[in-house]
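# Residue-level structural notes
Below, each chain spelled out in residue letters.
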Amino acid sequence: DGGITQSPKYLFRKEGQNVTLSCEQNLNHDAMYWYRQDPGQGLRLIYYSQIVNDFQKGDIAEGYSVSREKKESFPLTVTSAQKNPTAFYLCASSRDSSGSSYEQYFGPGTRLTVT
Amino acid sequence: KQEVTQIPAALSVPEGENLVLNCSFTDSAIYNLQWFRQDPGKGLTSLLLIQSSQREQTSGRLNASLDKSSGRSTLYIAASQPGDSATYLCAGDSNYQLIWGAGTKLIIKP
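Reference entry: report on the structure contained in this document. (Residues numbered from 1 in each chain as written. Chains lettered and ligands numbered in written order. Predicted model: local features only at pLDDT ≥ 70, side-chain atom pairs only at ≥ 80, totals over all residues. Heavy atoms only, no water.)

## Let's talk about the interface of chain B and chain A
Taken together, the 20 residues of chain B in the interface contact 22 residues of chain A. Both sides together, the interface formed by chain B and chain A hides about 1700 Å², and carbon and sulfur atoms give 54% of it. On the surface where chain B and chain A come into contact, there are zero salt bridges. Here chain B and chain A share four residue pairs in polar contact (both at pLDDT 80 or more) between them. Where the side of chain B that touches chain A is concerned, the elements lending two or more residues are β4 (33-38), β5 (44-50), β9 (86-94) and β10 (97-100) of chain B. Residues of the side of chain B that touches chain A, tallied by class, amount to nine nonpolar, nine polar and two charged. (Contact = heavy atoms within 4.5 Å. Buried area = accessible area lost by both parts, 1.4 Å probe. Salt bridge = Lys/Arg side-chain N within 4 Å of Asp/Glu carboxyl O. Polar contact = N/O pair within 3.5 Å; in protein donor to acceptor, adjacent residues only side chain to side chain. Helix = DSSP H or I, 4+ residues; strand = E, 2+ residues; numbered from the N terminus. Nonpolar A, V, L, I, M, F, W, Y, C, P; charged D, E, K, R; others polar.)

Okay, structure coming up:
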């Protein structure tokens, strides 16, 4: 089955610790995205990558970092610099990031709780 | 800056009714428009994508339309069922990024 997997589903961390969220896709998509979802708000873009070894900051990149060493993988690290990291994190991919190929497909999400 | 508003924020209707969810953009320069469904605690499922050359898309009981001149999109759900209960989000492609609404939480009562 083709799709996007995110792990773990739930993650708990103490304040001050870095944590890495996994995102893997086997759709052979070039573009991958990380979003943050908070109650009552639309999704907000953290980082996106249009191609391997390249990525760009989204609207709320501060306190986050990513890497794109392989086409199928786009891990997100939530650093201790992120002031309010508790949220639902969604990973998505699309065939590419332009024109009619822009339809995005989503993983099941990771709920991060930092105390 | 492009912003997206979804109205209503929540909607509860009896099973069998037809209903319309609304999505509007502050800047009508939208390239593609996508509607998603999200079940509680889950990821998003793409429902319909209206590409730049299209005005509407249909899938089963769902019909989505896009009026670029007014910056508005509607999602029409026919003969609603309890299984349609979910949050529905719209997202517009503006300058190669998706801009998201906060969603409409829909409850279909049996």
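There is more to say, and it comes next.
## What to know about the environment of Glu 15 of chain A
Residue and element names in this part refer to chain A. Here Glu 15 shows up in the loop between β2 (10-13) and β3 (19-25). On the accessibility criterion, Glu 15 (68% relative accessible area) is exposed. In sequence terms Glu 15 and Ala 81 are 66 residues apart; their C-alpha atoms lie 9.9 Å from each other. (Buried < 20%, exposed > 50% of the residue type's maximum accessible area, 1.4 Å probe, protein only.)

## Considerations on the state of the cysteines
Residue and element names in this part refer to chain A. Per the stated rule, a full pass over the model turns up two disulfides over all chains. Through a disulfide, Cys 23 is tied to Cys 91; the S-S separation comes to 1.8 Å. In this structure the cystine formed by Cys 23 and Cys 91 twists about its S-S bond by roughly -75°; its chirality is therefore left-handed. On the criterion of sequence distance, the pair formed by Cys 23 in strand β3 and Cys 91 in strand β9 (residues 87-94) is long-range, its members being 68 residues apart. Overall, the relative accessible area of 1% leaves Cys 23 in the buried class. (Disulfide = S-S within 2.5 Å.)

## Some words on the sheet that holds β3 of chain A
Within a sheet, adjacent strands bond to each other through the backbone by hydrogen bonds, running parallel or antiparallel. Residue and element names in this part refer to chain A. Within the open sheet, the four strands sit side by side as β1-β3-β8-β7. Their pairing is antiparallel. Two strands close off the open sheet at either side, each with one partner strand: β1 (4-7) and β7 (64-66). The average angle at which neighbouring strand axes cross in this sheet is 20°, direction not considered. Where β1 meets β3, four bridges bridge the pair, whose relative direction is antiparallel. Directly across from Thr 5, in β3, lies its bridge partner Glu 24. (Pairing = 2+ DSSP bridges. Axes fitted to C-alpha atoms, helices over the stretch in contact; angles between N-to-C directions.)

## A look at the pattern of salt bridges
A pair can form between side chains of opposite charge whenever their charged atoms are brought close. All names here are of chain A. Counted by the stated rule, this structure contains five salt bridges over all chains. Ionic pairing is found between Asp 30 and Lys 71, a salt bridge with its closest N-O pair at 3.3 Å. On the criterion of sequence distance, the pair formed by Asp 30 in the loop between β3 and β4 (31-37) and Lys 71 in the loop between β7 and β8 (76-78) is long-range, its members being 41 residues apart. Salt bridges sharing partners connect three or more residues here, namely Arg 36, Asp 38 and Arg 44.

## Quick word on the sheet that holds strand β6 (residues 56-59) of chain B
Residues and elements named next belong to chain B. The five strands are arranged β1-β3-β8-β7-β6 in an open sheet whose pairing can be described as antiparallel. This sheet does not close on itself; its edge strands, each paired only once, are β1 (4-7) and β6. For this sheet, the mean angle separating the axes of adjacent strands, direction not counted, is 15°. Judged from the six bridges that link them, strand β7 (residues 62-67) and strand β8 (residues 72-77) form a sheet pairing that is antiparallel. Paired with Ser 65 across the strands is Thr 74, a residue of β8.

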